[in-house]
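# Examination of the molecular architecture
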Amino acid sequence: MTDTSRSTSLRLLRRAAWAGATALALLAGAVTVWRANAPDGPPLVVVTGEADVRSAFALTDHTGRPVTEANFAGRWQLVFFGFTNCPDVCPTTLAYMASVLDLLGDRADQVAPLFITVDPARDTVPVMAEYVAAFHPRLVGLTGTEAQIAETARNFLVFYERMDEPSAPDGYLMAHAGYIYLMNPEGRFEAVFREERQPPEALAEEILMRVEKAKR
Ligand code: NI
């Protein structure tokens, strides 16, 4: 094995490990949400702070406006974390989210699509503005300070890490998981999806089903 292929394998393994860590954390989060919503029996108070996936942030949108989760109150959120220099997962997933928004049609206004960078050093407001515009006019890009991004990621249980990659722009990549989060209008965790697991039609349908169910 050459040094290059070895380091590529190690990188891929590490990326898989990040994705797995997120899946485990999300599983714990999903269990917590389910138990809290169990209709019968005594209320189950589950104290699992780290499994409490929630949309909570103080960031700057791609127009330069400071925003928090309160700016999206009452709407569902479709959230994806990534970075604009991402060679693969991010562009594919954002194009997929754009298809889902188109499929939602006029009901897309019930869903706020958010792209949150894990690479705020490079993904400044103007960079985010140009990037999100390339995918969908409704897509909101969010950036902030390193600390603001770190806190946002903690609240969503998203893991990311800077990794040296000599062939990448500026010599690094950001390892991150590829989950699309669906958060309910209270900013609580509803579900996660991966782009490759279902066609955009299926995800649009799934979202509408959950939106309608929540109204009943
Ligand atoms: Ni990416």
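Report on the accompanying structure. Each residue is numbered by its place in its chain's sequence as written, counting from 1. Totals for whole chains, interfaces and linings use all residues, but because this is a predicted model, local features are given only for residues with pLDDT of at least 70 and pairs of side-chain atoms are given and counted only at 80 or more. Hydrogens and waters are ignored; side-chain quantities use all the structure's heavy atoms.

## Some details on the coordination of the nickel ion
Protein-derived coordination of the nickel ion comes from Cys86 (SG), Cys90 (SG) and His176 (NE2), at a distance range of 2.0 to 2.2 Å. Note: metal donors comprise N, O and S atoms at 2.8 Å or less from the metal (3.2 Å for Na, K and Ca); water molecules are not included, so apparent gaps in a site are possible. Each donor residue of the nickel ion belongs to the same chain, with the gaps between them written as C-x3-C-x85-H. Taken together, the residues span a long stretch of sequence, with Cys90 in helix α2 (residues 89–104) and His176 in strand β7 (residues 172–176) at a distance of 86 residues. Burial classes: relative accessible area under 20% of the type maximum marks a residue as buried, over 50% as exposed, and values in between as partly exposed (1.4 Å probe, protein chains only). Residue class for His176 comes out buried when judged on its relative accessible area of 11%. By the criteria applied, helices consist of DSSP H or I runs no shorter than four residues and strands consist of E runs no shorter than two, each listed in order from the N terminus.

## Observations regarding the packing of α2 against helix α5 (residues 200–215)
Think of two packed helices as two axes; the pair is described by the angle between the axes and how far apart they sit. Direction vectors running N to C along α2 and α5 enclose 55°, while the axes themselves pass 9 Å from each other. Here α5 runs oblique to α2, going by the angle between their axes. At the point where α2 passes α5, the crossing takes the right-handed sense. Of the residues in α5, those in contact with Tyr96, Ser99, Val100, Leu103 and Leu104 of α2 are Pro200, Glu201, Leu203, Ala204, Ile207 and Leu208. The residue makeup of the contact of α2 with α5, split by class, is 9 nonpolar, 1 polar and 1 charged. Each axis is a line fitted through C-alpha atoms, taken for helices only over the stretch in contact, and angles between the N-to-C directions span 0 to 180 degrees. Note on angle classes: values under 35 degrees are labelled roughly parallel, values over 145 roughly antiparallel, values of 65 to 115 roughly perpendicular, and the remainder oblique. Note on convention: near helix rotated counterclockwise from far helix by under a right angle means a left-handed crossing. Clockwise means right-handed. Whether two residues touch is decided by their heavy atoms; if any such pair falls within 4.5 Å, the residues are in contact. As a working rule, the residues Ala, Val, Leu, Ile, Met, Phe, Trp, Tyr, Cys and Pro are called nonpolar, Asp, Glu, Lys and Arg charged, and the rest polar, with Gly in that last group.

## Comments concerning unusual backbone geometry
If you check the backbone angles, Leu157 has positive phi at about 60° while not being a glycine. Along the chain, Leu157 falls in the loop between α4 (146–156) and β6 (160–164). A relative accessible area of 11% means that Leu157 is categorised as buried. Unusually for a residue other than glycine, Asp170 sits at a positive phi of about 60°. Position of Asp170 relative to the elements: it lies in the loop between β6 and β7.

## A short note on the pairing of strand β4 (residues 111–117)
β4 sits mainly inside the fold: 7 of its 7 residues count as buried. Burial of the side chains of β4 extends over both faces: Val111, Pro113, Phe115 and Thr117 are buried on one face and Ala112, Leu114 and Ile116 on the other. Bridge count for strand β3 (residues 76–82) against β4 is 7 bridges, and the pairing is parallel. Considered in β4, the bridge of Val79 is made with Leu114. Handedness rule for crossovers: strands pointing away from the viewer, path from the first strand over the helix to the second running clockwise, crossover right-handed. Read from β3 through α2 to β4, the crossover connection turns out right-handed. With 3 bridges connecting them, β4 and strand β5 (residues 140–143) associate as parallel partners. Looking across to β5, one finds that Ile116 is bridged to Leu142. Regarding the hand of the β-α-β motif, the stretch spanning β4, helix α3 (residues 125–133) and β5 is right-handed. We treat two strands as partners when DSSP finds at least two bridges between them.

## Topic: the pattern of salt bridges
Salt-bridge detection follows one rule: a side-chain nitrogen of Lys or Arg within 4 Å of a carboxyl oxygen of Asp or Glu. Evaluated as defined, the whole model comprises 9 salt bridges. Residue Lys215 is joined to Glu212 by a salt bridge in which the shortest nitrogen-to-oxygen separation is 3.4 Å. You can see Lys215 and its partner Glu212 sitting in helix α5, 3 residues apart, about one turn around the helix. Note on Glu212: relative accessible area 31%, which makes it partly exposed. Counted as one network, the salt bridges with shared partners bring together Asp52, Arg54 and Arg188.

These values are about where atoms sit, not about what they do.
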